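Each chain is listed here by its residues.
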Amino acid sequence: MIKNSYYSISIVCIFLLLVPFYIFASESMELNNQGVEAYNLKDYERAIFLLSQAMTLNPDSEVIKNNLSNALQALADEESKKNNFKKAVDIVDKAIKINPNNFFAHLQKGAFLLNMGHLMDAIRHLEIAVKLKPGYLDAHELLGEAYYRDNDILSARTQWEYVLQIDPNRKQLKERYDKACREEVVESSFNKTVSQSRHFNLTYPKEVTYQIRSYVLSVLERAYLEIGRKLGGVFPSGPIQVILYDTQQFGAVVQMGQTVGGVYDGKIRIPVMNEKGEGLSDEEIKRRIYHEYVHVVVFELLKDKVPWWVNEGLAETFSKEFSSRERTMLEQFINNKGLIPYNNLEKISIKDMFASETKMSQAYLQSHATINMLWSKYGQGRFLNFIQALKRSENVEDALRNVYHLDYASLSKGVIQFIQR
Ligand SMILES: [Zn+2]
């Protein structure tokens, strides 16, 4: 919604709550009800006056707090329509003070600040809004606009692409997005050392082309948004360090054999070129980035309280399909020696990784299948509960039992059924 290049966030009329006198025959509730009357007459200043008095008398009432916040936000909205943004910000600040997690108040404040040209502060409040309510498209669009104005076209594009993917009918946004993309193509030749985005810092050898770097940054920003959302709104404040290599350099640094596609050890380390200096395919680079970025988010959530099979299984599940080829491979392993006991998959050392490549490949496949099954069969909400249970519990199987009503034996059965269906 663009009006004269200003962004406005319009308040849908909110009904305030009256409290019946026969339940709370107190002075504060009488003031509350008078405040509501004033609000309904759109006399917001009087409503705020009365509701503030009510809150002084009864500071713990959620009803009064909400009513006062809504009245403040309605008045702020009116002021912004008269272009009194400074005043609007002061008013909405009071609502944020009452409840620092008021999504709509942060969104409003971000919009007002954006109109005032205070970009850094606008970005701060819009980022808070997006964290409080990920998926609210107007907030993502507005945040994209703030990034764009801050000359961070890449981050802007990430937000806008996300909005347009869900709602392709936003015509003005589509035009704005296309324009930004054209600008980006031209301006990229002005500045060859793009090595930073909103949330990531990139270090790379000089052989890594601009094209690869900018692709990597855009995929990272995408992963930041998508995986953060999937795991319940986890958005590390960063910047997260990312180091790119060719496969030979990578091998020399991490020393874990050719099969390893990337590492997260507090920094994301990914080979993006082969020894001949040719870039890996976009798809392969994307898969590696998503895989490692899942580890970043899991670390943010659970630190070291995460079993290996959950961590790797999740990284695989969010970075690639569990394909029929993988299904067949795992089936062969199972027919051969059965599943690896989950107890043995809770911790895997570097030594295990070297001991047997076949065993490692089964460990990855099995973890991938397990998380894939849990995620697709029981859904996101249950999985987020599982993560919370892992955080609290000393024992992985207990957490599994509490949330999924499965022990390791029945989990194994479930996975085998999932493979063989
Ligand atoms: Zn991994």
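Residues numbered from 1 in each chain as written. Predicted model: local features only at pLDDT ≥ 70, side-chain atom pairs only at ≥ 80, totals over all residues. Heavy atoms only, no water.

> How would you explain the sheet that holds strand β6 (residues 268–273) if you had to name every residue and give the values?
As summarised here, the arrangement of the four strands in space is β3-β4-β6-β5, forming an open sheet in which the pairing is mixed. Two strands bound the open sheet, and with one partner strand each, they are β3 (200–203) and β5 (263–264). Sheet topology note: the β5/β6 ladder contains two bridges and is antiparallel. Paired with Tyr264 across the strands is Ile268, a residue of β6. Strands β3, β4 (240–246) and β6 of the sheet are contacted by helix α10 (residues 210–230), whose axis makes an angle of about 150 degrees with β3. In the packing of helix α12 (residues 282–302) onto the sheet, the strands contacted are β3, β4, β5 and β6, and the crossing angle to β6 comes to about 180 degrees. (Pairing = 2+ DSSP bridges. Helix = DSSP H or I, 4+ residues; strand = E, 2+ residues; numbered from the N terminus. Contact = heavy atoms within 4.5 Å. Axes fitted to C-alpha atoms, helices over the stretch in contact; angles between N-to-C directions.)

> Describe the coordination of the zinc ion, listing the residues and the values that go with them.
Protein coordination of the zinc ion is provided by His291 (NE2), His295 (NE2), Glu312 (OE) and Glu312 (OE), with donor distances spanning 2.1 to 2.7 Å. Of note is the zinc ion, whose four donor atoms meet at the metal with angles of 53 to 142 degrees in an arrangement that counts as irregular. Sequence spacing of the donors to the zinc ion: H-x3-H-x16-E. Residue His295 is found in helix α12, and its partner Glu312 is found in helix α13 (residues 308–317); the two are separated by 17 residues along the sequence. Summarising the burial analysis for this pair, His295 and Glu312 share the class buried. (Donors = N, O, S within 2.8 Å, 3.2 Å for Na, K, Ca; no water. Tetrahedral: all angles 85-135°; square planar, octahedral: opposite > 155°, others 65-115°. Buried < 20%, exposed > 50% of the residue type's maximum accessible area, 1.4 Å probe, protein only.)

Scope: geometric values only; no functional claims are made or implied.
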